[in-house]
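Here is what each chain is made of, one letter per residue.
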Amino acid sequence: SFIWPLSGRITSGYGNRYIFGSYSYHSGLDFAGSYGAPIVAADGGKVIFAGTGTGSSWSLGNYVVIDHENGLRTTYGHCSSLCVSAGDRVYKGQTIARVGSTGRSTGNHCHFQVRSNGTIVNPWNYLP
């Protein structure tokens, strides 16, 4: 099982939500945090992306993707800074980034997303 990437209040859940006057789909959980607070790897694995989003991923700002090598990948978005690079191996609980508000963001937080075999799934299914 994963650990929480950030100890903080969840400000937006997974699934459909009403925001800015309309409904939209939210593909992860948003953990509120102070600017610069550490974001940790939910589990060990290999960093397959660490950088700034472009194209369809621009809204994540600075983000990290970890392949847990069991069909699961986690994404950590809106980071103020990144502490890892693509190709790095990380362990569960290792600081991989810092909380920020980059990309399309309404304030300091970490957007946490889980993919199972390429499909976005509810992160609550993997968190304690």
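Parameters at a glance
- Residues numbered from 1 in each chain as written.
- Predicted model: local features only at pLDDT ≥ 70, side-chain atom pairs only at ≥ 80, totals over all residues.
- Heavy atoms only, no water.
- Helix = DSSP H or I, 4+ residues; strand = E, 2+ residues; numbered from the N terminus.
- Polar contact = N/O pair within 3.5 Å; in protein donor to acceptor, adjacent residues only side chain to side chain.
- Contact = heavy atoms within 4.5 Å.
- Pairing = 2+ DSSP bridges.
- Buried < 20%, exposed > 50% of the residue type's maximum accessible area, 1.4 Å probe, protein only.
- Salt bridge = Lys/Arg side-chain N within 4 Å of Asp/Glu carboxyl O.

Which residues make up the side chain of His78, and what values go with them?
On the secondary structure map, His78 appears in strand 8 (residues 72–79). A distance of 2.7 Å separates a polar atom in the side chain of His78 from the backbone oxygen of Thr102. Ignoring sequence-local partners within four residues, the contact set of His78 consists of Ser59, Leu60, Asn62, Val99, Gly100, Ser101, Thr102, Arg104, Ser105, His109 and His111.

Requested: an account of the sheet that holds strand 11 (residues 95–98), with residues and values cited.
Pairing between sheet strands relies on hydrogen bonds along the backbone, with the strands arranged either parallel or antiparallel. Ordered by their spatial adjacency, 3 strands build an open sheet running 5-11-9, and the pairing between neighbours is antiparallel. Sheet topology places strand 5 (38–40) and strand 9 (81–82) at the edges, where each strand pairs with a single neighbour. The pairing of strand 9 with strand 11 spans 2 bridges and is antiparallel. Looking at the pairing, Ser81 lines up with Arg98 of strand 11.

Tell me about the environment of Ser59, and please be specific about residues and values.
With respect to the secondary-structure elements, Ser59 resides in the loop between strand 6 (45–52) and strand 7 (62–67). Judged by relative accessible area, which is 25%, Ser59 ranks as partly exposed. Separated by 19 residues in sequence, Ser59 and Val40 have C-alpha atoms that sit 21 Å apart. In contact with Ser59, other than residues within four places in its own chain, are His78, Thr102, Gly103 and Arg104.

Residue-level account of the pattern of salt bridges, with values.
Here the idea is simple: oppositely charged side chains can pair when their charged atoms come close. For the structure on display, the rule yields 2 salt bridges. Close ionic contact of Arg73 with Asp67 constitutes a salt bridge, the shortest N to O distance being 3.5 Å. Classification of Asp67 as buried rests on a relative accessible area of 18%. Salt-bridge contacts for Arg89 lead to Glu69; the nearest nitrogen and oxygen are separated by 2.6 Å. Of this pair, Arg89 sits in strand 10 (residues 89–90) while Glu69 sits in the loop between strand 7 and strand 8, placing them 20 residues apart in sequence. The exposure class assigned to Arg89 is exposed, which follows from its relative accessible area of 54%.

I'd like a description of the environment of Leu29, backed by residues and values.
Its location among the elements puts Leu29 in strand 4 (residues 29–32). With 58 residues separating them in the primary sequence, Leu29 and Gly87 have C-alpha atoms 25 Å apart.

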